[in-house]
Amino acid sequence: MLNFENTEIAFASKSNAALRKAKALYSLVARSWVVDIGKHVLNFLLFIRFPLRPFVKPTIFEVFAGGETIDDCNDRIASLDKYGIGSILDYSVEGSAEEELLDKTADMIIKTIIKAENTKAIPFAVFKVSGIASDRILERKSWHEAEMNDEEHEEWERVKQRMQKVASKAHEKKVPLYVDAEDYSFQPAIDDLVWKMMLKYNKKRAYVYNTIQAYRTDRYEFLQKAHEDAVGEGIIYGLKLVRGAYMERERELAKERGYPSPIHKNKDATDKCFNDCLRYIVKHIKDFELCNGTHNEESTYLLTELMEKYDIQKDDYRVYSAQLLGMSDHISYNLAHNNYNVAKYVPFGPVREMMPYLIRRAQENSSAKGQTGRELKLINHELKERRKAKRKGERQSELSTDKANKKMEDRK
Ligand SMILES: Cc1cc2nc3c(=O)[nH]c(=O)nc-3n(C[C@H](O)[C@H](O)[C@H](O)COP(=O)(O)OP(=O)(O)OC[C@H]3O[C@@H](n4cnc5c(N)ncnc54)[C@H](O)[C@@H]3O)c2cc1C
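Residues numbered from 1 in each chain as written. Predicted model: local features only at pLDDT ≥ 70, side-chain atom pairs only at ≥ 80, totals over all residues.

## What about the overall build of the chain?
How we decide: Segments assigned H or I by DSSP are reported as helices when at least four residues long, segments assigned E as strands when at least two residues long, and all are numbered from the N terminus.
Tallying secondary structure elements over the chain gives 17 helices and 8 strands in all. Reported as C-alpha extents along the three principal axes, the dimensions of the chain are approximately 75 × 55 × 40 Å.

## Considerations on unusual backbone geometry
Here the phi dihedral of Ser328 falls at roughly 50°; this positive angle occurs in a residue that is not glycine. As for its placement among the helices and strands, Ser328 is situated in the loop between strand E7 (319-324) and helix H14 (329-337). A positive phi angle is found at Asn339, which is not glycine, with a value near 70°. Take Asn339: it is sitting in the loop between H14 and strand E8 (342-348).

## Things to note about helix H13 (residues 297-309)
As a reminder of what qualifies: Helix span, expected: 1.5 Å multiplied by one less than the number of residues in the helix. Put plainly, a residue is buried at 20 or more neighbouring C-beta atoms within 10 Å of its own, exposed at 12 or fewer, and partly exposed in between, counting only other residues' C-beta atoms, which are placed from the backbone. Note: the arc covers the axis-to-C-beta directions of the helix.
Over its 13 residues, H13 runs 18 Å from end to end, which matches the ideal 18 Å to within 8%, given 1.5 Å per residue. Those residues of H13 that sit buried are Ser299, Thr300 and Leu303. Down the axis of H13, the smallest arc covering the buried residues is 105°, so these residues share one side. In H13, the exposed positions that point more than 90 degrees away from the buried face belong to Glu298, Glu305, Glu308 and Lys309. Looking one or two residues past H13, Asp311 carries a phi angle of roughly 60°, positive in sign.

## What to know about the packing of helix H12 (residues 267-283) against H13
Going by this rule: For helices, the fitted axis covers only the stretch in contact; all axes are lines through C-alpha atoms, and the angles between them, taken along N-to-C directions, range from 0 to 180 degrees. Angle categories are assigned with fixed cut-offs, so that under 35 degrees is roughly parallel, over 145 is roughly antiparallel, 65 to 115 is roughly perpendicular, and the rest are oblique. If you view the pair so one helix is near and one far, a crossing is left-handed when the near helix is turned anticlockwise from the far one by less than a right angle, and right-handed when it is turned clockwise. For the purpose of contact definition, each residue receives a C-beta atom placed from its backbone, and two residues are in contact when these atoms lie within 7 Å. Gly counts as polar in this scheme, as do all residues outside two lists: the nonpolar Ala, Val, Leu, Ile, Met, Phe, Trp, Tyr, Cys and Pro, and the charged Asp, Glu, Lys and Arg.
Closest axis-to-axis distance for the H12/H13 pair is 10 Å, and the angle between their directions is 20°. In this view, H12 runs roughly parallel relative to H13, as classed from their interaxial angle. Handedness of the crossing formed by H12 with H13: right-handed. Between H12 and H13, the residues in contact are Phe274, Asn275, Leu278, Arg279 and Val282 and Ser299, Leu302, Leu303, Leu306 and Met307, respectively. Of the residues that constitute the contact of H12 with H13, the class distribution is 7 nonpolar, 2 polar and 1 charged.

## Topic: the sheet that holds strand E1 (residues 86-91)
The following threshold applies: Here the rule is simple: two strands pair whenever DSSP picks up at least two bridges between them.
Spatially, the 8 strands line up as an open sheet ordered E1-E8-E7-E6-E5-E4-E3-E2, and their pairing is parallel. A strand with exactly one partner marks an edge of an open sheet, and here the two such strands are E1 and strand E2 (125-127). For this sheet the average axis-to-axis angle between neighbouring strands, irrespective of direction, equals 30°. Pairing geometry for strand E4 (residues 208-213) and strand E5 (residues 237-242), over 5 bridges, is parallel.

## Details of the pairing of E1
On any regular strand, side chains alternate: one points to one face of the sheet, the next to the other face. Burial runs high along E1: 6 of the 6 residues are buried. Across the two faces of E1 the burial is the same, with Gly86, Ile88 and Asp90 and Ser87, Leu89 and Tyr91 all buried. Summarising the sheet, E1 and E8 pair through 6 bridges and their orientation is parallel. Opposite Ile88, over in E8, you have Tyr345 as the bridge partner.

## Examining the site of the ligand
To keep things clear, this is the line we draw: Each residue gets a C-beta atom placed from its backbone. If that atom is within 6 Å of a molecule or strand, the residue is near it.
In the vicinity of the ligand lie 26 residues, with Asp180, Arg243, Gly293, His295 and Ala322 positioned nearest. Elements that contribute at least two residues to the shell around the ligand include exactly E4, H12 and E7. When residues in the shell around the ligand are grouped by element, the largest group, 3 residues, is from E7. Looking at side-chain class alone, the shell around the ligand contains 10 nonpolar, 13 polar and 3 charged residues.

## As for the environment of Leu358
Within the fold, Leu358 resides in helix H15 (residues 355-364). Given 21 C-beta atoms within a 10 Å radius, Leu358 is considered buried. Excluding anything up to four places from it in sequence, Leu358 contacts Ile60, Phe61 and Phe64.

## Concerning the nonpolar core
Our working rule: Linking buried Ala, Val, Leu, Ile, Met, Phe, Trp, Tyr and Cys residues through C-beta atoms within 7 Å yields a set, and such a set is a nonpolar core.
In terms of nonpolar packing, the biggest core is built from 105 residues, with Ala125, Leu177 and Val208 touching the most fellow members. Looking at this core, the element that brings in the most residues is helix H9 (residues 187-201), giving 7 residues.

## So, the pairing of strand E6 (residues 288-293)
To be explicit about the condition: When the strands point away from the viewer, a crossover counts as right-handed if the path from the first strand over the helix to the second runs clockwise.
Counting buried residues in E6 gives 6 out of 6 residues, a clear majority hidden from the surface. The alternating pattern of E6 places Phe288, Leu290 and Asn292 and Glu289, Cys291 and Gly293 on opposite faces, both of which are buried. The pairing of E5 with E6 spans 5 bridges and is parallel. Of the residues in E6, the one forming a bridge with Leu239 is Leu290. Alignment of E6 against E7, held across 4 bridges, turns out to be parallel. Counted as the bridge partner of Leu290 is Val319 from E7. Following the backbone out of E6, through H13 and into the adjacent parallel E7, one traces a crossover that is right-handed.

## A closer look at the confidence of the model for the chain
Regions with low pLDDT carry predicted coordinates that are not meant to be interpreted in detail. As a reminder, the rule being used: Each residue carries a pLDDT score, the predictor's confidence in it, ranging from 0 to 100.
Confidence in the prediction of the chain, expressed as mean pLDDT, is 91, and 93% of residues score 70 or more. Taken as a whole, residues 397-408 scores under 50 in pLDDT and shows 18 contacts with residues more than four places along the chain or in a different chain.

## A look at helix H4 (residues 53-64)
Between its terminal C-alpha atoms H4 stretches only 14 Å, short of the 16 Å expected from 12 residues at 1.5 Å a residue. Along H4, the residues that are buried comprise Ile60, Phe61, Val63 and Phe64. For H4, the angular spread of the buried residues around the axis is 150°, confining them to a single face. Away from its buried face by more than 90 degrees, H4 exposes Pro54 and Pro58. Its buried side turned inward, H4 meets helix H2 (16-29), E8 and H15.

## Regarding the environment of Ile132
Examined against the element boundaries, Ile132 turns out to sit in the loop between E2 and helix H7 (135-143). The class of Ile132 is buried, set by 25 C-beta atoms lying within 10 Å. In this view, Ile132 contacts Leu102, Thr105, Ala106, Val159, Arg162 and Met163; residues no more than four positions away in its chain are not counted.

As structure tokens, this is what we get:
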């Protein structure tokens with residue numbers, strides 16, 4: 001029986017020392033004032049090029065990142081694989097405008113695709129279009145295409161070429177590729193780019209996935225239209241469903257620029273939209289491949305109920321769940337233990353370049369009431385159980401099985 005309260009399974013891979021370290025970090029970021037001040041201090045230190053590595057690497061980086069290079073991530077990949085959890089290598093360097101760096105990022109994404117081809121424990125690749133395109137051109141293409149000059153058209157052509165290079169490699173190597181969703185001001189260009197790649201590569205299987213952010217008020221209709229178009233074109237729609245990571249920035253920007261906020265009014269409305277999208281996709285699963293990208297227990301239980309309702313096998317290749325490294329192990333490990341397909345995003349990159357990603361994770365966890373409160377409660381519970389068991393001398397935490405490894409082999 002799937003039960004996210006089972007902390008023995010959730011933390012089977014973690015030593016007492018690792019659990020205590022995670023507890024200390026979560027306790028720190030649970031104080032929102034620490035994160036608020038910490039964010040400004042870190043940004044200042046980055047600005048003056050202070051050597052942050054010795055402080056960041058053994059703390060927040062170790063919890064939320066796999067390493068600085070692809071090969072640094074090998075231990076993490078193996079450790080997740082031992083428990084039947086896949087890894088999705090995420091090169092988390094963001095926001096460059098220099099053409100040379102954008103080309104370098106495209107090359108790095110291709111390296112992750114090749115790594116996935118050669119590693120049974122890596123079922124997908126992932127990237128952000130803002131890693132291969134400047135923010136400015138994404139915004140121009142999204143909203144001001146008619147005003148773009150020759151130089152901008154040429155810049156956009158180079159973005160398309162990078163996208164083509166990455167997607168064709170994913171197709172050639174048979175590694176399905178997630179494309180992350182980003183800011184409202186970039187998303188029309190991203191949706192269009194991804195759709196063109198889907199038309200090319202998703203004829204038999206979804207090798208290119210778009211992402212829907214359920215916090216956006218227009219996304220349920222977007223989903224229905226995308227489905228209709230995919231059926232019309234005879235392709236499979238690959239879809240990662242998430243709630244959305246940029247809510248505060250979107251609201252501020254909408255206010256500043258004077259357009260209605262694209263974000264649902266409250267959390268309940270976002271939750272309803274997420275679960276409605278999930279119901280829609282699973283009902284029409286013959287036309288989709290799905291990644292349920294969430295740390296929300298209710299939405300994860302809902303997926304398992306829907307799979308049962310529509311008679312979909314737990315390890316059906318069309319349905320995956322995914323969480324971010326360092327978050328919600330109780331969901332990932334319990335899903336894997338119950339034979340569902342599950343993977344973790346494993347972000348990597350140089351410490352300095354990964355700071356925006358790490359700050360986002362700390363902010364997301366900076367509410368003792370929300371996610372972090374839950375993580376802390378579960379860690380405390382497990383530490384207490386281990387102390388009790390030690391006294392009685394009975395608990396064994398080695399839960400990995402040959403079955404998990406066999407399952408990962410079968411999936412590829
Ligand atoms: C595998 C994976 C891939 C991801 N890929 C992307 C991606 O491509 N693009 C992206 O933007 N994010 C992405 N995310 C992050 C994701 O969008 C969420 O920020 C994060 O997962 C938290 O949402 P949740 O469903 O896990 O949990 P929950 O804790 O249940 O939900 C928190 C989310 O609810 C929404 N929310 C909270 N308060 C309100 C409010 N007052 N009004 C309206 N909505 C509210 C916000 O979206 C917030 O992030 C990804 C997450 C995962 C696990």
